[in-house]
Amino acid sequence: MNNLAISNWSLIFAFALVLVAMGISFKEKLGLTKDIVISVLRAVIQLAIVGYVLRFILHVNNLILTLIATLIIIFNASWNANNRNPNKNRKLWNSIVAILVGTYLTLAVLILTKAIKPVPMQVIPITGMIAGNEMVAIGLCYKALDTSFHDLEQEVLERLALGSDIKLACVPILRRSIKTAMQPTIDSAKTVGLVNLPGMMSGLIFAGVNPVNAIKYQIMITFMLLAATSLGAVISCYLAYRNYFNNEDQLVLY
Amino acid sequence: MLLNLKNVYYQTNSKIILQDVNLKINQGDWITLIGPSGSGKSTILKLIANLISPSRGTIFYQDKDISSIAPAVYRRQVSYCFQQPTLFGKTVEDNLTFPFELRKQEVDSQKIRQMLSLVDLDASYLTKKKSELSGGEKQRVALIRNLLFKPKILLLDEVTAGLDEDSKHIVNKLISSYFKRNVTILEVTHDKSEISQAQHIVKLEKDGSLK
């Protein structure tokens, strides 16, 4: 494990890579320099805090603390997913329910099948992976919902005018949005190992685990993410499309 | 009284579209709504179809405030036909099976074929893609989509605008046949021949009030 220790000096030198990004932003007049500085500062501070908090939680190995840690991850993921929703009538609880159910159901299957152990060292990183992917999928789902409602407004109105309930009127929109949300996970499952060596697998190989064993974990992660993003996308989509209608089942677009 | 609009106002953010509209419609009426562009004719139809709600005032259907009636149930009785309808799904059949689907009823193919023949389209049209239809054919399919289950009120928003004479004749014949079957009709039109044959004309002023 000694070859995994990274010195502070190495990190400072690695900061040169950030200067490359800032240089490009400055030269190309992208106006991103301030954003890059803020993002780097946030990343360093957030990771430093998380590092110490995780060290404490892993050391204490307490079920309640682990549960609280997963809830914080889920809430943050939900908050960010909700912020990606362009609908003015968005509701944070939609994202919370979707990510909570998607994450805990997937975690439960993994623990019950003994794919992972119910210890913080395994549960917390896996929760982060699931919630993070769900956050991206749900964000895409919300954007696709909004675009589809604007593109297919006339079709929805016609279906409503014929006496359809709002769910049936939105079937094409729901299908399109869920598909959009799940596509990146499916695409990434298709190219895993060929184009990218994912974080989990790379981490294990870094730590000296036999690549054949590392692959087994990655296969589990692929299955897990497919299930979690499908659950997250379906739940969020079926909750969020209702926000485009008022109490009288009238379509309200801004 | 079948329908009663009482002191209805409608306004968007800054613009008043309709003001103090009062209109009573009895069972079996055929009312033709005319007025300059932008006077709010289509808005009245959309309000009656409960696709939008009045900013002020109330619309009563059979003496009940329409906001108190389940929207899907109400809209099956008060059917709104759009000026430029969109056909959905892939084929004509997808559109004509939808009214059965939303009522959770088994599709009656015989009835669909009968309706198609009423607008001079044969059964081969069922499998046609919507992109293969002309404007007139689309409007005819859309109209029978609204009429597969007989509504109480038919709201027609310039449904013959832009159609060739043949299609216009077919569409008007179908509408008349439903009027004879006791369907109340409220239509918006700019067509002079349709206006000249109208039973009751209601004129909207440019400021969105009724004359």
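Predicted model, so just to flag it, every value in this text is computed and none were measured.

1. Some remarks on the nonpolar core
Next up, step 1: Counting 66 residues, the largest nonpolar core has Phe 149 and Phe 245 of chain A together with Leu 3, Leu 5, Ile 48, Tyr 61 and Leu 155 of chain B as the members making the most contacts within it.
Next up, step 2: The element contributing the most residues to this core is helix 5 (residues 120-151) of chain A, with 8 residues.
Next up, step 3: Sequence-distant contacts of Leu 5 of chain B, that is, excluding residues within four places in its chain, are made with Val 21, Asn 22, Leu 23, Ile 44, Ile 48, Thr 58 and Ile 59 of chain B.
Next up, step 4: If you look at the next biggest cluster of nonpolar residues, it comprises 33 residues, including Leu 121, Ala 142, Val 183 and Ile 185 of chain B.

2. Quick notes on the layout of surface pockets
Next up, step 1: Of the volumes computed, that of the largest pocket is approximately 800 Å³.
Next up, step 2: Around the largest pocket, the lining is made up of 22 residues, and of these Gln 46, Val 50, Ile 72, Ile 73 and Asn 76 of chain A lie nearest the centre.
Next up, step 3: Elements that contribute at least two residues to the lining of the largest pocket include exactly helix 2 (33-60), helix 3 (63-83) and helix 5 of chain A.
Next up, step 4: Looking at the lining of the largest pocket residue by residue, the classes come out as 16 nonpolar, 5 polar and 1 charged.
Next up, step 5: Residue contributions to the lining of the largest pocket reach at least three from each of two domains, namely domain 1 (1-60) and domain 2 (62-244) of chain A.
Next up, step 6: Taken as a whole, the second largest pocket spans an internal volume of roughly 640 Å³.
Next up, step 7: Around the second largest pocket, the lining is made up of 24 residues, and of these Glu 153 and Leu 251 of chain A together with Tyr 10, Leu 51 and Ile 52 of chain B lie nearest the centre.
Next up, step 8: Put simply, the parts of the chain that give the lining of the second largest pocket at least two residues each are helix 6 (153-161) of chain A together with strand 1 (3-11) and helix 1 (41-48) of chain B.
Next up, step 9: Its residues assigned to classes, the lining of the second largest pocket shows 10 nonpolar, 11 polar and 3 charged.

3. Things to note about the domain arrangement of chain A
Accessible area lost during the coming together of the parts is what is often quoted as the interface size.
Residue and element names in this part refer to chain A.
Next up, step 1: Segmentation of chain A into domains returns domain 1 (1-60) and domain 2 (62-244).
Next up, step 2: Placing a centre on the C-alpha atoms of domain 1 and another on those of domain 2 gives a separation of 26 Å.
Next up, step 3: Between domain 1 and domain 2, the contact holds 7 residues from the first and 9 residues from the second.
Next up, step 4: Along the contact surface separating domain 1 from domain 2 lie 1 residue pair in polar contact (both at pLDDT 80 or more).
Next up, step 5: Tallied by class, residues from the side of domain 1 that touches domain 2 come to 7 nonpolar, no polar and no charged.

Reading the values: the criteria
Here, residues in each chain are numbered from 1, in the same order as that chain's written sequence. By the order in which they are written, chains take letters starting at A while ligands take numbers starting at 1. It should be noted that, the model being predicted, local features are given only for residues of pLDDT at least 70 and side-chain atom pairs only at 80 or more, the latter also being counted only at that level, while totals for whole chains, interfaces and linings use all residues. Only hydrogens and water are set aside when side-chain values are computed; all heavy atoms of the structure are taken into account. To qualify as a nonpolar core, a set must consist of buried Ala, Val, Leu, Ile, Met, Phe, Trp, Tyr and Cys residues joined through side-chain atoms within 4.5 Å. Using a 1.4 Å probe on the protein chains alone, a residue whose accessible area is under 20% of its type maximum counts as buried, one over 50% counts as exposed, and one in between counts as partly exposed. Working definition: helices are DSSP H or I runs of at least four residues, strands are E runs of at least two. Numbering for both runs from the N terminus. Contacts were defined at the residue level, with two residues in contact if any of their heavy atoms lie within 4.5 Å. Residues are said to line a cavity or pocket when one of their atoms sits within 4 Å of a point; the points come from a 1 Å grid over protein atoms alone, cavities being sets where a 1.4 Å probe fits but cannot get out and pockets being open sets with protein on both sides within 12 Å along at least five of seven lines. Grid points are joined across faces, edges and corners, and a volume is the space filled by probe spheres set on the points. Here the nonpolar group is Ala, Val, Leu, Ile, Met, Phe, Trp, Tyr, Cys and Pro; Asp, Glu, Lys and Arg are the charged ones; every other residue, Gly included, is treated as polar. Segment limits for the domains were obtained from an automatic or database-derived domain assignment. Polar contact is defined as a pair of N or O atoms within 3.5 Å, subject to the rule that within protein one atom must be able to donate a hydrogen and the other to accept it, and that residues adjacent in sequence are counted only when both atoms are side-chain atoms.

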